Amino acid sequence: MKETETKEVFNNNVTTIRTVNIGIKDLINDIVFPHPITDFIRVKYEYSGKSVNSQIAPARVICRFLNYILERVSNEDLNFITLKEGGLKELKYIHGSKYITFLTKSGKTRNTVQYSENYLKVFYQYLFEKEIISPEFEMRTFLDNNKNLVIQSPFRHSAFSTRFPSNKMKSHNLMSKLKDFGDNRYSLVNEFILKAKEIAPEIAFGIALQFYGGIRRGEAVNLIKDNLKAKYRESLYVEIRDNRNILFGHLKDTTKENPKRLNYLKVNMAQQTILDNDLLWDLYDFHMKQWYKYQEKAQTQALFINNDGNAISGSSWDKKFNKIKKVFLKELKSTPGRFDDWQLLSNNYWSSHIGRGNFTNFLLDMGLSITQVAIARGDTSTDTVIKYVDEKVTSKALIDALNELKNTPKEMFGVVDRDLIKTHWKDGVLKREKKWK
């Protein structure tokens, strides 16, 4: 599958059009030939006015399905052997059923499997309309209340015993949990924070602290102004404190406001260095200007304040974050060239805690050791950090890191050396100029 640009001439006007094409690769000569099945994307999506991103999704599903068929044919699977000579003309519902069962057994989530099933239904319908296939029985369709065509899935017929993932778990648990924003994390973090300023400016600075300092939601909502230690445009760190009695006395349950770090670090040792940058300081300026302006109406110590004058609670933080996320994903989906980013972020579960994962990878990009990353995160063990580290890290290296961590003074947890921030962060990875490994 490849996205290409073509030029169309109409009434002497030249228009550049982005299209999606499907090809088949000659592995011996390393040549990709256009495949006529591209017509499926044209007829069902492009000519219907669908965006390029809306064309990419079905193209990828169908490519994976066809590659699965090729693999089963090469393995001489008896269920697929007729396709070897007859090609797509021998395609039956049973083959789609086998593919869906394969996805299920591979551990794909219910959402992912149904996502593929929906495109397969349209694909089979297209092949039937073109009289390319003669399936086991005719596909059933009907019009819903809005006069939209609905295709009943033939793969759910009892004759096929198609297997789907369980639907007993909650929707977000059906999705894989995303640790960070992936290889394009620098651009995505920047864009997400800017979107936060647009949608929920009252927590935009706090979200920046989560991404550039790895602080948790409960630690963010507990911050009061005096916990912020800034050397303007040079350095920033925050003191992690439990201010629930001051800020959330009106709440019966403050579980979501719990500053987790204080479960294992003493109050005077709980701090967090922030990887500062121009965007962070711009948000700092904006937030503090609004904070002081608000003090004219209602005195409060909370750093993050709701319109009602109370500190923003953990539940409110989540709602605001999810509102930003929804808008961000919608805009990302419609942005040319960003399908991979959209697919990564939309097909996996993530919350504001993802800021901590991105922060971890920023530290690894700076070349910090396992021990240094754990210390910078404020962790007292390496258990979480090693999930982000290359699997080739030896057991001895992990043991050495753990021993080093045990011998580190607790007051150093959450601290990142300022020289490293200058040389490896501001003058290095932040400018995309270098990564230390």
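Structure: see above.
Residues numbered from 1 in each chain as written. Predicted model: local features only at pLDDT ≥ 70, side-chain atom pairs only at ≥ 80, totals over all residues. Heavy atoms only, no water.

S.K.: Give me the overall build of the chain: which residues, what numbers.
M.R.: Looking only at helices and strands, one finds 16 helices and 11 strands in the chain. In the chain, buried positions account for 46% of the 437 residues. Restricting to contacts in the chain with at least 6 residues of sequence separation, those with at least 24 account for 66%. Each charge sign in the chain was given a centre, from 69 positive and 52 negative side chains, and these centres are 4 Å apart. (Helix = DSSP H or I, 4+ residues; strand = E, 2+ residues; numbered from the N terminus. Buried < 20%, exposed > 50% of the residue type's maximum accessible area, 1.4 Å probe, protein only. Contact = heavy atoms within 4.5 Å. Lys, Arg positive; Asp, Glu negative; His and termini not counted. Charge placed at Lys NZ, Arg CZ, Asp CG, Glu CD.)

S.K.: Give me the packing of helix α13 (residues 354-365) against helix α14 (residues 370-377): which residues, what numbers.
M.R.: With their axes 10 Å apart at the nearest point, α13 and α14 run at an angle of 140° to one another. Between α13 and α14, the interaxial angle falls into the category oblique. α14 is crossed by α13, and the crossing has right-handed handedness. Packed against α13, whose contacting residues are R356, F359, T360, L363 and L364, the element α14 presents V373, A376 and R377 at the interface. (Axes fitted to C-alpha atoms, helices over the stretch in contact; angles between N-to-C directions. Parallel < 35°, antiparallel > 145°, perpendicular 65-115°, else oblique. Left-handed = near helix turned anticlockwise from the far one by under 90°.)

S.K.: Which residues make up the side chain of E257, and what are the values?
M.R.: Among the secondary structure elements, E257 is positioned in the loop between α9 (244-247) and β10 (271-273). Buried E257, no salt bridge; nearest opposite-charge side chain is R244, N-O distance 6.5 Å. Engagement of the side chain of E257 in a polar contact is seen with the backbone nitrogen of G314, the distance being 2.6 Å. In contact with E257, not counting residues within four places along its chain, are G218, V221, N222, R244, F248, L251, S313, G314 and S315. (Salt bridge = Lys/Arg side-chain N within 4 Å of Asp/Glu carboxyl O. Polar contact = N/O pair within 3.5 Å; in protein donor to acceptor, adjacent residues only side chain to side chain.)

S.K.: Please provide a residue-by-residue account of helix α4 (residues 93-105), values included.
M.R.: Taking 1.5 Å of rise per residue, 13 residues should cover 18 Å, and α4 covers 18 Å from first to last C-alpha, within 8% of that figure. Where α4 is concerned, the buried positions are Y93, H95, G96, S97, Y99, I100, T101, L103 and T104. Buried residues along α4 sit in contact with α2 (52-74), α3 (82-86) and α5 (110-129). (Expected span 1.5 Å × (residues − 1).)

S.K.: Just give me the short version of the packing of aromatic side chains, but keep the residues and values in it.
M.R.: All told, the structure shown has 39 aromatic pairs when counted by the stated rule. Ring centres of F137 and F160 lie 6.2 Å apart, and the angle between their planes is 20°; this geometry places the pair in the stacked category. Highlighted residues: F137 in the loop between α5 and β5 (141-143) and F160 in the loop between β6 (149-151) and β7 (176-177), separated in sequence by 23 residues. Under the relative-accessibility criterion, F137 is labelled partly exposed at 29%. When the ring centre of F164 is taken as reference, the NZ or CZ atom of R156 above it lies at 4.0 Å. A cation over an aromatic ring shows up here: K325 above the ring of W350, its NZ or CZ 4.4 Å from the ring centre. (Phe/Tyr/Trp six-rings, centres within 6.5 Å; stacked < 30°, edge-to-face > 60°. Lys NZ or Arg CZ within 6 Å of the ring centre and 35° of its normal.)

S.K.: Help me get a handle on the nonpolar core, residues and values and all.
M.R.: In terms of nonpolar packing, the biggest core is built from 112 residues, with F205, I207 and Y212 touching the most fellow members. The element best represented in this core is α2, accounting for 12 residues. In this structure F205 touches L228, L236, L280, L283, Y284, H287, L303 and F304, once residues within four positions along its chain are discounted. (Core = buried A, V, L, I, M, F, W, Y, C linked by side-chain atoms within 4.5 Å.)

S.K.: I'd like to hear about the sheet that holds β10, residue by residue, with values.
M.R.: Overall, antiparallel pairing links the three strands, which are arranged β8-β9-β10 in an open sheet. Taken across any chain shown, the strands that pair with only one partner, and hence form the sheet edges, are β8 (228-231) and β10. Put simply, the sheet's adjacent strands are angled 15° from each other on average, direction ignored. Where β8 lies against strand β9 (residues 235-239), four bridges are found, and the strand directions are antiparallel. Across the sheet, the residue bridging to A230 is L236, located in β9. (Pairing = 2+ DSSP bridges.)

S.K.: Could you give an account of the packing of α2 against helix α12 (residues 339-346), naming the residues involved and the relevant values?
M.R.: Remark: α2 packs on α12, axes separated minimally by 11 Å, with the N-to-C direction vectors making an angle of 75°. Comparing the axis directions of α2 and α12 gives the class roughly perpendicular. Facing α2, whose interface residues are N53, I56, A57, R60 and R64, α12 presents F339, D340 and Q343. Of the residues that constitute the contact of α2 with α12, the class distribution is three nonpolar, two polar and three charged. (Nonpolar A, V, L, I, M, F, W, Y, C, P; charged D, E, K, R; others polar.)

S.K.: How would you sum up α13? Please name residues and give values.
M.R.: An α-helix turns once every 3.6 residues. As a result, residues three or four positions apart point the same way. In this model, α13 (12 residues) spans 17 Å end to end at C-alpha, consistent with the 16 Å of a helix rising 1.5 Å per residue. As for α13, its buried residues are in contact with α6 (185-199), α7 (201-213), β10, α14 and α16 (418-426). Trailing α13 by a residue or two, G367 shows a phi angle of about 90°, which is positive.

S.K.: For the environment of T19, give the residues involved together with the corresponding values.
M.R.: Here T19 is to be found in strand β2 (residues 13-21). Exposure remark for T19: the relative accessible area of 5% places this residue in the buried category. For T19 and R42, which are 23 residues apart along the polypeptide, the C-alpha to C-alpha distance reads 8.6 Å. Apart from the residues lying within four places of it in its own chain, the contact partners of T19 are K2, E3, T4, T6, R42, E46 and Q55.

S.K.: Outline the environment of F248, supporting the account with residue identities and numerical values.
M.R.: Within the secondary structure, F248 sits in the loop between α9 and β10. You can call F248 buried: its relative accessible area is 1%. Separated by 132 residues in the primary sequence, F248 and S116 have C-alpha atoms spaced 45 Å apart. Aside from chain neighbours lying at most four places away, what touches F248 is V221, N222, N243, T254, E257, A311, I312 and S313.

S.K.: Describe the pairing of β2, naming the residues involved and giving the relevant values.
M.R.: Examined bridge by bridge, strand β1 (residues 2-10) and β2 share nine bridges and lie antiparallel to one another. Directly across from V9, in β2, lies its bridge partner V14. Counting the residues between successive antiparallel strands, the hairpin from β1 to β2 contains two residues, one of them, N11, with a positive phi of roughly 55°.

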